[in-house]
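Listed below are the residues making up each chain.
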Amino acid sequence: MSKVTVIGAGNVGATVANVLAHKDIVNEVVLVDIVGDLARGKALDTWQQAPIDNYSTRLIGTSDYKDTKNSDIIVITAGIPRKPGMSRDDLISTNANIVTSVVKSVLEHSKNPIIIVVSNPLDVMTYAAFKAAGLKSTRVFGMAGILDTARYRAFLASELNVSPKDIQAILMGGHGDTMVPLPRYTTVSGIPVTELVKPKVLDAIVERTKAGGGELVKLMGTSAWYAPGAAAAQMVESIVKNENRIYPVCAQLNGQYGLKDIFVGVPVKLGKNGIEKIIELKLNKAETKLLHESAAAVKEVMEVFDKM
Ligand code: APR
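Basis of the calculations
- Residues numbered from 1 in each chain as written.
- Predicted model: local features only at pLDDT ≥ 70, side-chain atom pairs only at ≥ 80, totals over all residues.
- Heavy atoms only, no water.
- Core = buried A, V, L, I, M, F, W, Y, C linked by side-chain atoms within 4.5 Å.
- Buried < 20%, exposed > 50% of the residue type's maximum accessible area, 1.4 Å probe, protein only.
- Helix = DSSP H or I, 4+ residues; strand = E, 2+ residues; numbered from the N terminus.
- Domains from an automatic or database assignment.
- Contact = heavy atoms within 4.5 Å.
- Pairing = 2+ DSSP bridges.
- Near = heavy atom within 4 Å.
- Polar contact = N/O pair within 3.5 Å; in protein donor to acceptor, adjacent residues only side chain to side chain.

Novice: When you look at the nonpolar core in this model, what are you seeing that I'm missing?
Specialist: Nonpolar side chains in soluble globular proteins tend to end up buried together. Judged by nonpolar contacts, the single largest core of 87 residues is most densely connected at Val75 and Ile116. Per-element tally for this core: the top contributor is helix H4 (residues 122-133), with eight residues. Two domains share this core, each providing at least three of its residues, namely domain 1 (3-142) and domain 2 (145-306). Once residues within four sequence positions are removed from consideration, Val75 is found in contact with Val4, Thr5, Val6, Ile7, Val16, Ile116, Val118, Ala232 and Val236. Judged by nonpolar contacts, the second largest core, of twelve residues, contains Tyr152, Ile167, Val188 and Val197.

Novice: In this structure, what is going on with the pairing of strand E5 (residues 114-117)? I would like to understand it.
Specialist: Within a regular strand, the side chains alternate between the two sheet faces. Going residue by residue along E5, you find Ile114 and Ile116 tucked away on one face and Ile115 and Val117 tucked away on the opposite face as well. Here four bridges tie strand E4 (residues 73-76) to E5, and the two strands are oriented parallel to one another. The partner of Ile74 across the bridge, within E5, is Ile115. Bridging between E5 and strand E6 (residues 140-142) involves three bridges; their strand directions are parallel. Residue pairing in the sheet places Ile115 in a bridge with Val140 of E6.

Novice: Explain the site of the ligand to me, please; I cannot follow it from the model alone.
Specialist: Lining the immediate surroundings of the ligand are 18 residues, of which Asn11, Val12, Asp33, Thr77 and Asn120 lie closest. One of the backbone nitrogen or oxygen atoms of Val12 is found 2.8 Å away from an oxygen atom of the ligand. In the model, an oxygen atom of the ligand is placed 2.8 Å from a nitrogen or oxygen of the Asn120 side chain. Listing elements by their share of the shell around the ligand, those giving two or more residues are helix H1 (11-23) and helix H3 (88-107).

Novice: For this particular structure, what's the right way to read the pairing of strand E13 (residues 260-271)?
Specialist: Most of E13 is tucked away: nine of the twelve residues are buried. The sheet contact formed by strand E12 (residues 245-254) and E13 spans ten bridges and is antiparallel. Counterpart to Tyr247 in the pairing with E13 is Val268. Here E12 hands over to E13 after five residues, with Gly255 in that stretch at a positive phi of 115 degrees. Sheet analysis places E13 next to strand E14 (residues 274-278), joined by four bridges and oriented antiparallel. Its bridge partner being in E14, Lys269 is matched across the sheet by Lys277. In sequence, E13 turns back onto E14 through a hairpin of two residues.

Worth remembering: the numbers are spatial, not functional.
Okay, here's the thing in structure tokens:
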């Protein structure tokens, strides 16, 4: 009995809607874009796929926030990509304005939704959404960790020539080159990855993961959408089905890991209330140092936003 609104009907937003429809777990997905016909077209296309792929999820495309009324979950993918000549700060300000206005419009029609932010730069956009929403921080969080972990798992699966299904891993920190993949918490069907992959190879995979987004931008001239869209849909699934799955999510920390008032990737339990619990791993000294360095990088960007 759920209604999910996806803001932004670009590559990522349309993928979230399409993957979600295929899961057949919510009644309605509303796709919103300032370019209304784009949202209407992509929603109609996914609805026309329903008889072929056997799902009942209704798809609505719109530019009118009235159609988002009483949404349980809002996924925000609206924003612009960085363009040549644009500074990082310009991108922060443009996308923060978009995210802030989207959150305000959404909350005029839905009282206490769960908000999942996908727009980049992710950690600070999640912070911007949280500030604009005035909801509990357990209800406003960002998608990055599932995607980054998936990239790490996929690279490991290629290296080991095993199914990616069998690679379990966790990754923490900001969504950028300071992210912290954690080999000590990476297993292949329960076997510690360190027993299967040489340290040098593992290091190279960790480095490739950190630059995983950039690798795709180089290949395609724009940022990725299939894995990001599927990752956001997986978060929605855990919430809608109250699965309590444990995923790395960009969440507000209030003392956990020795960090406060910051949005950064940590493992959480995701259920019907959003973040049901932040899991505190017993990180060793080196891991803690990397996490704190990543948090410091995120904090810098948050401060840029605060000064705007
Ligand atoms: N309200 C609604 N939609 C908006 C708004 C707004 N205020 N501003 C922009 N949009 C829409 C655009 O019209 C566009 O259709 O957001 C969409 C963004 O789509 P793309 O440009 O295709 O970008 P996409 O690849 O989907 O990425 C979206 O997700 O992963 C992140 O880095 C990525 O920040 C980017 C976001």
